[in-house]
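A closer look at the structure
Here is how the chains run, residue by residue.
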Amino acid sequence: AQTVTQSQPEMSVQEAETVTLSCTYDTSENNYYLFWYKQPPSRQMILVIRQEAYKQQNATENRFSVNFQKAAKSFSLKISDSQLGDTAMYFCAFKANAGGTSYGKLTFGQGTILTVHP
Amino acid sequence: ETGVTQSPTHLIKTRGQQVTLRCSSQSGHNTVSWYQQALGQGPQFIFQYYREEENGRGNFPPRFSGLQFPNYSSELNVNALELDDSALYLCASSLGGGNQPQHFGDGTRLSIL
């Protein structure tokens, strides 16, 4: 079974500053995907960024980038030039690229509440 | 392009009752997954449907069941409701179940009294 751990329940950052959210995971799979989702108070889960485990290059989407350390099973999210609209709960998630009864299953961490202050 | 839509937005039920939640997948998506998110927690995978068949299930009892229709919309049914079933229920759709990202709806907030 896979587990995803987010050790920071809450984080805060000033507008325009940079913040890093941590995530570690545990799996015996070798082929998998990692995601960061954002959930604002509106409740909708929005995909921020994703990483394929077989790719060594870290994914980047505009102000969002990841630091993927496969051997350490670490997958942190860096948000640059933070904006007020980035305030939300952020979830790290894992999906194995395998079949079986858990096919398609996203395993989520407990989440980190990020507050961006003006 | 129409996103994932869920209904109803909020629902209040009492213990022992049954409930049906509905989800319309994003246009072109043939796979639907359901998640339960308790307050302050991350979502937990309930099951996934692909082309009208369940092809993945999490650690939920049989009283949680589902359906997927030919138009790929889906229902989540929960029988014999318990207080612990109070949660936000999220539906996500994707094109296939592999590496395609899942797109989520706004969820249904279910409260059990």
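So, here is what we can say about the structure in this document. Everything numeric in this text was worked out from a predicted model, so none of it was measured.

Rules used throughout
Residues numbered from 1 in each chain as written. Chains lettered and ligands numbered in written order. Predicted model: local features only at pLDDT ≥ 70, side-chain atom pairs only at ≥ 80, totals over all residues. Heavy atoms only, no water. Helix = DSSP H or I, 4+ residues; strand = E, 2+ residues; numbered from the N terminus. Rg over C-alpha atoms; globule rule 2.2 N^0.38 Å. Buried < 20%, exposed > 50% of the residue type's maximum accessible area, 1.4 Å probe, protein only. Contact = heavy atoms within 4.5 Å. Areas by Shrake-Rupley, 256 points an atom, 1.4 Å probe, with all protein chains shown as cover. Lys, Arg positive; Asp, Glu negative; His and termini not counted. Charge placed at Lys NZ, Arg CZ, Asp CG, Glu CD. Pairing = 2+ DSSP bridges. Buried area = accessible area lost by both parts, 1.4 Å probe. Salt bridge = Lys/Arg side-chain N within 4 Å of Asp/Glu carboxyl O. Polar contact = N/O pair within 3.5 Å; in protein donor to acceptor, adjacent residues only side chain to side chain. Axes fitted to C-alpha atoms, helices over the stretch in contact; angles between N-to-C directions. Disulfide = S-S within 2.5 Å.

Concerning the overall build of chain A
- Assigned secondary structure in chain A consists of zero helices and 12 strands.
- Walking chain A from its N terminus toward its C terminus, one meets helices and strands in the order β-β-β-β-β-β-β-β-β-β-β-β.
- Computed over its C-alpha atoms, the radius of gyration of chain A comes to 14 Å, within 12% of the 13 Å expected for a compact globule of 118 residues.
- With the C-alpha coordinates aligned to their principal axes, the bounding extent of chain A is approximately 45 × 30 × 20 Å.
- The buried share of chain A, reckoned over its 118 residues, is 48%.
- Pairs at least 24 residues apart make up 57% of the contacts formed inside chain A by residues separated by at least 6 positions.
- Total accessible area on chain A is roughly 5,700 Å²; 45% of this is exposed by carbon and sulfur atoms.
- Computed over 10 positive and 9 negative side-chain charges, the separation of the two mean positions in chain A equals 9 Å.

Observations concerning the pairing of strand β6 (residues 53-57) of chain B
Residue and element names in this part refer to chain B.
- Bridge analysis of strand β5 (residues 44-50) against β6 gives four bridges, and the strand direction is antiparallel. Residue pairing across strands places Phe-47 opposite Arg-57, the latter belonging to β6.
- Connecting β5 to the antiparallel partner β6 that follows it, the hairpin turn spans two residues, and Arg-51 within it adopts a positive phi of roughly 50°.

Description of the interface of chain B and chain A
- Across the contact, 28 residues belong to chain B and 20 residues belong to chain A.
- Carbon and sulfur atoms supply 48% of the area that chain B and chain A bury against each other, a total of about 2,000 Å² over both sides.
- Where chain B meets chain A, there are zero salt bridges.
- At the boundary of chain B and chain A, one finds six residue pairs in polar contact (both at pLDDT 80 or more).
- Of all the secondary-structure elements, those providing two or more residues to the side of chain B that touches chain A are β4 (31-37), β5, β6, β9 (87-94) and β11 (108-112) of chain B.

Observations regarding the sheet that holds strand β7 (residues 64-68) of chain B
Residue and element names in this part refer to chain B.
- With respect to topology, four strands assemble into an open sheet ordered β1-β3-β8-β7, the strand pairing being antiparallel. Lying at the two open borders of the sheet, with one neighbouring strand each, are β1 (5-7) and β7. Strand-to-strand twist across the sheet, computed as the mean angle between neighbouring axes with direction ignored, equals 20°.

As for the state of the cysteines
All names here are of chain A.
- Scanning the model with the defined rule gives two disulfides over all chains in all.
- The side chain of Cys-23 participates in a disulfide bridge whose partner is Cys-92; the two sulfur atoms lie 2.0 Å from each other. Taking the torsion about the sulfur-sulfur bond, which here is approximately -70°, the covalent link between Cys-23 and Cys-92 counts as left-handed. Residue Cys-23 is found in the loop between β3 (19-21) and β4 (24-26), and its partner Cys-92 is found in strand β10 (residues 88-96); the two are separated by 69 residues along the sequence. There is no split in this pair, since Cys-23 and Cys-92 are both buried.

Things to note about the pattern of salt bridges
All names here are of chain A.
- Under the defined criterion, the tally for this structure stands at seven salt bridges over all chains.
- Between Asp-86 and Arg-63 there is a salt bridge; the shortest N-O distance is 2.8 Å. Taken as a pair, Asp-86 in the loop between β9 (74-79) and β10 and Arg-63 in the loop between β7 (60-61) and β8 (64-69) lie far apart in primary sequence, 23 residues in all. Of the two residues, Asp-86 and Arg-63, neither departs from the other in class, the shared state being buried.

Structural notes on the pairing of β11 of chain B
Residues and elements named next belong to chain B.
- The alternating pattern of β11 places Thr-108, Leu-110 and Ile-112 on a buried face and Arg-109 and Ser-111 on a face that is not buried.
- Pairing of strand β2 (residues 10-13) with β11 involves four bridges; the strand directions are parallel. Following the sheet pairing, Leu-11 is matched in β11 by Leu-110.
- As paired elements, β9 and β11 share three bridges and run antiparallel to each other. Within β11, the residue paired with Tyr-89 across the bridge is Thr-108.

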